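# Fold and contact review
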Amino acid sequence: MKKSLKLRAVVSPTPAIIAAAYDEKGKADACTLAFYTPSSHKPPCLTIAINATAKRRTLKSILHSGAFTIGYPSIEQAAEADYIGIASGYEHDKIAEVGWTVTKAEKVNAPVINELKLVIECKVVNTVTIGSHVQITGEVVNIQADEGILDERGKYSLEKLKPIIYDEENWRYLAVGEKAADAFKCGLVFKKA
Ligand SMILES: Cc1cc2nc3c(=O)[nH]c(=O)nc-3n(C[C@H](O)[C@H](O)[C@H](O)COP(=O)(O)O)c2cc1C
């Protein structure tokens, strides 16, 4: 027996990520996002959605500069990521207030938050407004990973990155759990010869 729940954009579970962009004066701004999804393999693209009715400073900066970065905070950085998702860039120098620093990205005009261990550089290729939010699709033009999160094959490891899982239903942050099965493999038990 199923029950109907309150209507909303169900986003749980999803990583809490941080989008960063330069404003018109070259100052770095950032906001925490849960509305985030990969959206194309070729070219590699991802899509974020930012509330246009709420006057997000980072939205203005992304649309102005045409570029942004996405960084993955680790679970140890939950308080920093949370603050960046609470305070407004119009009133606070949030990145400095949490003790973080930025460097210009290698391939786009956007800031890389140095303390985030996995950062994706994107150039804006499409925007579309759906209801309250502007969906911004960015083509991935560079991915920077701290060596410390790479395994022996050079692949980033979720166990080392420890991304934050946002539980929207209960307003909590969770850690990634243990490996449960092999993708594209465990389902083969149902394949008929
Ligand atoms: C866990 C979490 C997830 C969030 N996800 C989104 C999101 O997907 N889209 C959005 O517009 N705002 C989201 N926010 C809110 C913004 O991060 C927040 O309003 C921020 O202060 C905006 O900062 P800015 O005005 O400096 O850009 C989220 C906040 C938190 C804490």
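Keep in mind it's a predicted model, so treat the numbers as computed, not measured. (Residues numbered from 1 in each chain as written. Predicted model: local features only at pLDDT ≥ 70, side-chain atom pairs only at ≥ 80, totals over all residues.)

The subject of this paragraph is the overall build of the protein. A tally of helices and strands in the protein yields four helices and 12 strands. Over its C-alpha atoms the protein spans a radius of gyration of 18 Å, differing by no more than 12% from the 16 Å that the globule rule assigns to 193 residues. The burial tally for the protein puts 30% of its 193 residues in the buried class. Residue pairs at least 24 apart in sequence account for 62% of intrachain contacts in the protein once pairs closer than 6 positions are excluded. (Helix = DSSP H or I, 4+ residues; strand = E, 2+ residues; numbered from the N terminus. Rg over C-alpha atoms; globule rule 2.2 N^0.38 Å. Buried ≥ 20, exposed ≤ 12 C-beta atoms within 10 Å, placed from the backbone. Contact = placed C-beta atoms within 7 Å.)

With respect to spatial proximity, 20 residues lie near the ligand, and among them Phe35, Asn51, Thr58, Gly85 and Gly89 are the closest. Taken together, the elements giving at least two residues each to the shell around the ligand come down to β3 (28-33), β5 (45-51) and α1 (57-65). Here the shell around the ligand takes four residues from β3, the largest share from any one element. Counted by class, the shell around the ligand contains 10 nonpolar, six polar and four charged residues. (Near = placed C-beta within 6 Å. Nonpolar A, V, L, I, M, F, W, Y, C, P; charged D, E, K, R; others polar.)

Judged by pairing direction, the sheet is antiparallel, and its seven strands sit side by side in the order β3-β2-β6-β9-β10-β5-β4 without closing on themselves. Each having just a single partner strand, β3 and β4 (36-40) make up the two edges of the open sheet. Neighbour-to-neighbour, the strand axes of the sheet open up by a mean angle of 35°, direction not taken into account. The strands touched by α1 are β2 (17-22), β3, β5, β6 (67-72), β9 (118-130) and β10 (133-145); relative to β2, the strand with the most contacts, the crossing angle is about 55°. (Pairing = 2+ DSSP bridges. Axes fitted to C-alpha atoms, helices over the stretch in contact; angles between N-to-C directions.)

Further remarks concern the nonpolar core. Judged by nonpolar contacts, the single largest core of 40 residues is most densely connected at Ile18, Ala19, Ala20, Ala30 and Ile113. With six residues, β2 is the largest single contributor of residues to this core. With near-sequence residues (within four places) excluded, isoleucine 113 lies in contact with Ile18, Ala20, Ala30, Gly71, Ile95, Trp100, Val102 and Val119. (Core = buried A, V, L, I, M, F, W, Y, C linked by C-beta atoms within 7 Å.)

In summary, the side chains of a regular strand alternate between the two faces of the sheet. In terms of residue burial, β3 counts as a mostly covered element, since six of its six residues are buried. Burial along β3 is two-sided: Ala28, Ala30 and Thr32 facing one way and Asp29, Cys31 and Leu33 facing the other are all buried. Sheet topology places β2 next to β3; six bridges connect them, and they run antiparallel. By the bridge assignment for β3, alanine 21 is matched with aspartate 29. Counted along the chain from β2 to the antiparallel partner β3, the turn is five residues long, and its residue glycine 26 has a positive phi close to 85°.

Here we take up the sheet that holds strand β11 (residues 164-167). A sheet is described by the order of its strands in space; here three strands give the open sequence β1-β11-β12, paired in antiparallel fashion. Bordering the open sheet on either side are β1 (14-15) and β12 (172-175), each of which pairs with just one other strand. In terms of strand pairing, β11 meets β12 through four bridges, oriented antiparallel. Each bridged residue has a counterpart across the sheet, and for isoleucine 164 the counterpart in β12 is alanine 175.

Here the focus is unusual backbone geometry. Between lysine 42 and the following residue, proline 43, the backbone shows a cis peptide bond with an omega angle of -5°. Relative to the assigned elements, proline 43 resides in the loop between β4 and β5. With phi around 55°, lysine 55 is a residue other than glycine that occupies positive phi space. You can see lysine 55 is positioned in the loop between β5 and α1. In this structure lysine 55 comes out as exposed when scored by C-beta crowding, with 10 C-beta atoms within 10 Å. For phenylalanine 184, which is not glycine, the phi dihedral falls at a positive 60°. If you trace the backbone, phenylalanine 184 turns up in the segment after β12.

Functional significance is not addressed by these values, which are geometric in nature.
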